[in-house]
Amino acid sequence: MTDSPRTGGLDAALANGYRLLASDPAAAAEQAAEILRVSPNVRDALLLFAEALRRMGRPGDAERAELKAISLFASEPLLAEAARHLAGGRLDEAEKRLRPYVARRPGDVAAKAMLAEVDLAAGLHSDAEALFMECLAVVPSFVDARLGLATALFRQGRVRESLDLLDALLLADPGNVAAAEEKARTLGHLGEYEKSAAVFEEILERRPDSPPIWLGYGNVLKTIGRLEESIAAYRRALELDPASGEAWWSLANLKTVKLGEGDQARMEALLGRSDLRVEDRLHLHFALGSLLEDRGAFESSFGHYAEANRLRRSILPYDSDFTADEVSRSKRLFTPDFFERREGWGCAAPDPIFILGMPRAGSTLIEQILSSHSAVEGTSELPYIPALARGLVAERWRSGARYPEVLADLDRAQLRALGEEYLERARVHRKTGRPFFIDKMPNNWADIGFIRLILPNAKVIDARRHPLGCGFSNFKQHFAFGQAFSYSLDDLGLYYSDYVRLLAHFDSVLPGRIHRIFHERMVEDSEAEIRRLLAHLGLPFEEACLRFHENDRAVRTASAEQVRRPINREGVERWKAFEPWLGPLKAALGPLLDCYPEVPEAFLTGAS
């Protein structure tokens, strides 16, 4: 039954239909059909009709009724309101309406799919996957649910499964622009950037006036170094949608491009609009912060960065206590004895080189240097370590499994299988025959113990940067998804501290296994640091590593343009201009701030 007001006659007819459903589905179908003969667009009658037909063994007819009900979701006031909140980025408000509704009416596939979209936007990718699967079990031809499932798989690192799903969709419906767009983005993640660009170009032939397609095309062009074409694509997106905050931010985020006074006036005017979406508003604040920073207006710049972060944090919550607790429990679990008892376990392959640490700490530069070596291939940020690690908990959640404690229950064969599965998932990203490849996912620092268990011969590099420089660089960066800790100065300081705390523990437990590179030292004496790095990896020195900026490989991160230039000091101490406003970050960092690059004794001997 609906949650909206009804006339007595319609409510009574629907109630009678639902009473008949269990004992006489044919009579329930007739009751629903009678309502639809009078009012063809009554959603509840369509849902009743579909369920009755399904119980009568007529799944094709039931699916057609379901699809029509889905198309009429906006006629249900609660769903229409939830959709407005979702479109505006107000995930908590959307969830507040949808979750109780779906609990009451689990058969409303449109509501369930919308709740899955909320989970997807909130980063709850496995929850979203489960909901989309439930939708498709009822309505296999529900295209939006299939697209949502492809996205959920993609964000869990199951890229090949996602691509197979999209290919099947496009085979059945070659003109499906949404599926083609998702395929283009997935190909980009696989490193097939030229193919991705080609798919975007095909879409633009059919949809030349689509701002999101121009935006996605611009992102791919930026990745492969076609900078001028990328700028033109972003500008075209803005011509078509002047209020696209993401397009403005994409331009500002091109580190070698400076926005002009006309751009500033246009963005400021847009912020005066009351109907601007939250997502567009926060992107505009990030873009204006960047523009004003380039002009030296640091106080105004920081004001825009602060507002951008406030808005982003309002729709992407973060629990610093959860991270701190997981780090403390990791320290208790991963002792020398724990690893000694598992010596020789896991997959022995030495192929992966993990570069981890904080985002914006110089990891892309290290990757660019190493991928210039003849024995090393760069594959960008791979999501497979966290996906495999958290997947262990998902498989065992009914028994109360927690991470990382769940790792203690794995035997030799299971750890080896996990290492082999990681290598198999990563294989699709390896395009050359080079013996080693790089996984540059910064957040893998939280999973060092897991990496050591499943891939004991993998190399680990910690990219570290001054906590204020690193913290502020994160604060002024909008990430496509994830990195929820980065939208608050307090949380940034706590997250950095937890990261240092855990790595200090592993320095003690596994001495010499983690090779640390301080960004400032790499800038000051690149050759010495590069030689030291290659020696740790057991690789001979190659001059090409000093000429990393000549490497024309694709780079997907925010540092793409910077690593295509020789090393310079630009940006190393940019944070000092903003120091007057970094008080919360300093307070959260505590003793780490004064000791960098050393680690305070308290982090080595203090409580877990």
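This text follows the structure it describes.
What counts, and at which threshold
Residues numbered from 1 in each chain as written. Predicted model: local features only at pLDDT ≥ 70, side-chain atom pairs only at ≥ 80, totals over all residues. Heavy atoms only, no water. Helix = DSSP H or I, 4+ residues; strand = E, 2+ residues; numbered from the N terminus. Rg over C-alpha atoms; globule rule 2.2 N^0.38 Å. Buried < 20%, exposed > 50% of the residue type's maximum accessible area, 1.4 Å probe, protein only. Contact = heavy atoms within 4.5 Å. Areas by Shrake-Rupley, 256 points an atom, 1.4 Å probe, with all protein chains shown as cover. Lys, Arg positive; Asp, Glu negative; His and termini not counted. Charge placed at Lys NZ, Arg CZ, Asp CG, Glu CD. Salt bridge = Lys/Arg side-chain N within 4 Å of Asp/Glu carboxyl O. Core = buried A, V, L, I, M, F, W, Y, C linked by side-chain atoms within 4.5 Å. Pairing = 2+ DSSP bridges. Axes fitted to C-alpha atoms, helices over the stretch in contact; angles between N-to-C directions. Parallel < 35°, antiparallel > 145°, perpendicular 65-115°, else oblique. Left-handed = near helix turned anticlockwise from the far one by under 90°. Nonpolar A, V, L, I, M, F, W, Y, C, P; charged D, E, K, R; others polar.

(A) Just the overall build of the chain, in detail. Counting its secondary structure elements, the chain contains 31 helices and 5 strands. Taken against the 2.2 N^0.38 rule, which gives 25 Å for 608 residues, the C-alpha radius of gyration of the chain at 26 Å falls within 12% of a compact globule. Counting the 608 residues in the chain, one finds 56% classified as buried. Within the chain, counting contacts between residues at least 6 apart in sequence, those at least 24 apart form 69% of the total. Put simply, the chain shows about 25100 Å² of open surface, and 53% of that area lies on carbon and sulfur atoms. Mean positive and mean negative side-chain charge positions of the chain (78 and 90 charges, respectively) differ by 1 Å.

(B) Summary view of unusual backbone geometry. Along the chain, Tyr403 connects to Pro404 via a cis peptide bond; the corresponding omega equals 10°. For Pro404, the location among the structural elements is in the loop between helix 22 (384-395) and helix 23 (412-427). The step from Tyr596 to Pro597 runs through a cis peptide bond, and the omega angle for that step is 10°. Relative to the assigned elements, Pro597 resides in the loop between helix 30 (592-595) and helix 31 (601-605).

(C) Region of interest: the pattern of salt bridges. Taken as a whole, this structure holds 55 salt bridges when the rule is applied. Arg97 is the partner of Glu81 in a salt bridge, and the nearest nitrogen-oxygen pair spans 3.1 Å. Of this pair, Glu81 sits in helix 5 (residues 77-87) while Arg97 sits in helix 6 (residues 91-104); the two residues are 16 residues apart in sequence, bridging distant segments of the chain. One network of salt bridges, with partners in common, ties together Glu51, Arg54, Arg55 and Glu66.

(D) Molecular detail of the environment of Phe481. Along the polypeptide, Phe481 turns up in the loop between helix 25 (467-475) and helix 26 (489-509). Residue class for Phe481 comes out partly exposed when judged on its relative accessible area of 45%.

(E) Representation of the nonpolar core in the model. Tyr422 and Phe450 are the most contacted members of the largest nonpolar core, which totals 159 residues. No other element matches helix 26, which puts 10 residues into this core. Discounting residues that sit within four places of it in the chain, Phe450 has contacts with Phe334, Ile385, Leu388, Ala389, Leu392, Tyr403, Leu407 and Leu418. Counting residues in each nonpolar core, the second largest holds 20 residues, with Ile355, Ile438, Leu533 and Phe548 among its members.

(F) Here's a closer look at the sheet that holds strand 3 (residues 436-439). Read across the open sheet, the 5 strands follow the order 2-3-1-4-5; overall the sheet is parallel. The sheet terminates laterally at strand 2 (376-378) and strand 5 (514-518), the two strands that pair on one side only. The mean inter-strand angle of the sheet, taken between neighbouring strand axes irrespective of direction, is 25°. Note that strand 2 and strand 3 share 3 bridges and pair parallel. Opposite Glu377, over in strand 3, you have Phe437 as the bridge partner. Sheet strands touched by helix 23: strand 1 (352-357) and strand 3. Its angle to strand 3, the strand with the most contacts, is close to 90°.

(G) Layout of the packing of helix 8 (residues 125-138) against helix 9 (residues 143-155). For the pair helix 8 and helix 9, the least separation of the axes is 9 Å and the interaxial angle reads 155°. The angle between the axes of helix 8 and helix 9 places the two elements in the roughly antiparallel class. With respect to the hand of their crossing, helix 8 and helix 9 are arranged in left-handed fashion. Touching His125, Ala128, Glu129, Phe132, Met133, Cys135 and Leu136 of helix 8 are Ala145, Arg146, Gly148, Leu149, Ala152, Leu153 and Arg155, all from helix 9. Across the contact of helix 8 with helix 9, the residue classes break down as 9 nonpolar, 2 polar and 3 charged.

In short, geometric facts, not functional conclusions.
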